[in-house]
Amino acid sequence: MTAVTLPRTPAASAARPLTLATTINQSLTMAWRGILKVRRTPEQLIDVTVQPIVFTLMFTYIFGGAIAGSVQSYLPTIIPGILVQTVITASTVTGVQLREDMDKGVFDRFRSLPIARIAPLAGALVADVLRYLIATTLTVVVGLIMGWRPSSVGGTIGAALLVIVCAWALSWIFAYFGVIGRSASSVQGISFLILFPLTFLSNAFVQADTLPAPLKAFSDINPVSHLVTAIRGLTSGAGAGSDVALALAGAAVVVAVFAPLAVRAYMRKA
C-alpha cells in the first residue's frame with residue numbers, strides 16, 4: 001500500500017517550535033512589510049522629510065539673528081537641536097501605526113498565521129529605524145547646505161548613530177502606549193504631550209544659561225538636553241564623553257523598563 005504524503009497545513013506548521021533564527025527572519029519580514037507600506041503611501045514620511053527642512057530653515061532664519069547675532073553663528077546650536085527634536089519626534093509614529101493596525105484587525109490576521117507572535121511588534125520597531133535614518137540624513141544635509149560645518153565626518157556619524165539609538169529606545173515607550181491606547185489619535189496626543197515639553201524645555205534651541213532659574217533647573221536634568229549636548233560635542237570636536245554616556249545609559253534604562261511592558265501588553269492582546 002502506497003503511503004500518501006499530505007500537504008502541511010498552517011496548524012501543523014504552527015505546532016512546530018519556533019527557533020530564534022526563525023523569529024528574527026519573520027520579524028525582518030514584518031519590517032519589510034512596514035517599508036512597503038511607506039512605498040505605497042509616501043506621505044507617511046512627511047514628518048521625517050518635510051519637517052526637518054521646514055524646522056531648520058524656520059528656526060534658523062527667524063531666531064538666528066536674535067539669539068546668536070547671525071545665522072552662521074546660530075547653526076552650531078540649532079542643527080544638533082533640530083536633529084534631536086526631529087528624530088525623537090519621529091519615534092512617536094511607532095505607537096500610532098501600531099494602534100492603527102490593531103484597530104483595523106491586521107494583527108488579528110497575523111495571529112492566525114504560523115508565525116512568532118512577537119514578529120509584528122519587532123518588525124514595526126525595526127522598520128522605523130529607516131524613518132530615523134531619513135530624518136537624520138536630511139537634517140545634516142540641510143545644515144551643510146546652510147553653512148554648518150561639523151569638525152569631522154567620524155564625529156558626525158557618531159552623533160547620527162547616537163540619536164538613532166536614543167530614538168529607537170524611545171519608540172518602546174510609544175509602542176507601549178500604542179498597545180494599551182484606545183485609539184491612534186489618543187496615542188498621538190499623549191506622545192506629543194510628553195515630547196513637546198522635553199524638547200522645548202531643553203537646550204535644543206537656546207543655551208540653558210539664558211533660561212529663567214526654574215526652567216534652567218529642569219533643562220539641566222532633562223535627558224534631551226544631555227543628548228543635544230552630546231550631539232554638539234561630537235559634531236564640534238569639543239568632546240562629550242559624559243553626555244554620550246548619560247544618553248546611552250538613559251536609552252538603556254528606557255528599553256529595560258518599557259520593552260518588557262510593551263511586549264507583555266502586546267502578548268496579552270496578540
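Here, every reference points to the structure presented above.
Notes on the structure follow.

Cut-offs used in this document
Residues numbered from 1 in each chain as written. Predicted model: local features only at pLDDT ≥ 70, side-chain atom pairs only at ≥ 80, totals over all residues. Heavy atoms only, no water. Helix = DSSP H or I, 4+ residues; strand = E, 2+ residues; numbered from the N terminus. Buried < 20%, exposed > 50% of the residue type's maximum accessible area, 1.4 Å probe, protein only. Contact = heavy atoms within 4.5 Å. Salt bridge = Lys/Arg side-chain N within 4 Å of Asp/Glu carboxyl O. Phe/Tyr/Trp six-rings, centres within 6.5 Å; stacked < 30°, edge-to-face > 60°. Core = buried A, V, L, I, M, F, W, Y, C linked by side-chain atoms within 4.5 Å. Expected span 1.5 Å × (residues − 1).

Quick look at the overall build of the chain
Part 1 of the argument: Helix and strand counts for the chain stand at 12 helices and zero strands.
Part 2 of the argument: Starting at the N terminus, the α and β elements of the chain follow one another as α-α-α-α-α-α-α-α-α-α-α-α.
Part 3 of the argument: Dimensions of the chain, computed from the C-alpha atoms along their principal axes, are close to 90 × 35 × 35 Å.
Part 4 of the argument: Put simply, the chain has 270 residues, and 44% of those count as buried.
Part 5 of the argument: Of the contacts formed within the chain by residues at least 6 apart in sequence, a portion of 78% connects residues at least 24 apart.

Description of the pattern of salt bridges
Part 1 of the argument: Counting across every chain of the model gives three salt bridges.
Part 2 of the argument: For arginine 33, the salt bridge is made with aspartate 101, and the minimal N-O distance between the two is 3.5 Å. Of the two residues, arginine 33 sits in helix α2 (residues 20–40) while aspartate 101 sits in helix α5 (residues 92–103), which places them 68 residues apart along the sequence.
Part 3 of the argument: In this structure aspartate 101 comes out as buried when scored by relative accessible area, which is 9%.

Comments concerning the packing of aromatic side chains
Part 1 of the argument: In the structure shown here, the tally under the stated rule is 10 aromatic pairs.
Part 2 of the argument: Taken together, a centroid distance of 5.9 Å and an interplanar angle of 85° make the contact between tryptophan 168 and tryptophan 172 edge-to-face. Here tryptophan 168 pairs with tryptophan 172, and both are found in helix α8 (residues 153–180), just four residues apart, close to one helical turn.
Part 3 of the argument: For tryptophan 168, a relative accessible area of 30% gives the class partly exposed.
Part 4 of the argument: With a relative accessible area of 11%, tryptophan 172 lands in the buried category.
Part 5 of the argument: Centroid distance phenylalanine 174 to phenylalanine 177: 6.4 Å. Interplanar angle 55°. Geometry classified as tilted.

Description of the nonpolar core
Part 1 of the argument: Counting 47 residues, the largest nonpolar core has Ile78, Val84, Ile88, Leu162, Val163, Leu227 and Ile231 as the members making the most contacts within it.
Part 2 of the argument: For this core, the secondary-structure elements that each account for two or more residues are α3 (46–68), α4 (71–90), α7 (119–146), α8, α9 (184–200), α11 (223–236) and α12 (241–269).
Part 3 of the argument: Here this core takes 11 residues from α8, the largest share from any one element.
Part 4 of the argument: Contacts of valine 84, omitting those with residues within four sequence positions, involve Val163, Val224, Leu227, Val228 and Ile231.
Part 5 of the argument: Counting residues in each nonpolar core, the second largest holds 17 residues, with Val106, Trp172, Ala262 and Tyr266 among its members.

Regarding the side chain of serine 171
Part 1 of the argument: In this fold, serine 171 is placed in helix α8.
Part 2 of the argument: Given the relative accessible area of 0%, serine 171 is considered buried.
Part 3 of the argument: Residues in contact with serine 171, not counting those within four places in the same chain, are Ser91, Thr94, Leu125 and Tyr132.

Concerning α7
Part 1 of the argument: In a regular helix each residue adds 1.5 Å, so 28 residues correspond to 40 Å; α7 covers 42 Å between its end C-alpha atoms and thus fits that length.
Part 2 of the argument: Glycine 147 sits one or two positions beyond α7 and adopts a positive phi of about 115°.

Here we look at the environment of proline 76
Part 1 of the argument: By secondary structure assignment, the location of proline 76 is in helix α4.
Part 2 of the argument: A residue is classified by how much of its surface remains accessible, and proline 76, at 45% relative accessible area, is partly exposed.

Some remarks on the environment of tyrosine 266
Part 1 of the argument: With respect to the helices and strands, tyrosine 266 occurs in helix α12.
Part 2 of the argument: The class for tyrosine 266 is buried, based on a relative accessible area of 2%.
Part 3 of the argument: Through-space distance from the C-alpha of tyrosine 266 to that of glycine 233 is 38 Å; in sequence the pair is 33 residues apart.
Part 4 of the argument: Residues contacting tyrosine 266, with those up to four places away along its chain left out, are Phe107, Arg117, Ile118, Pro120, Leu121 and Val179.

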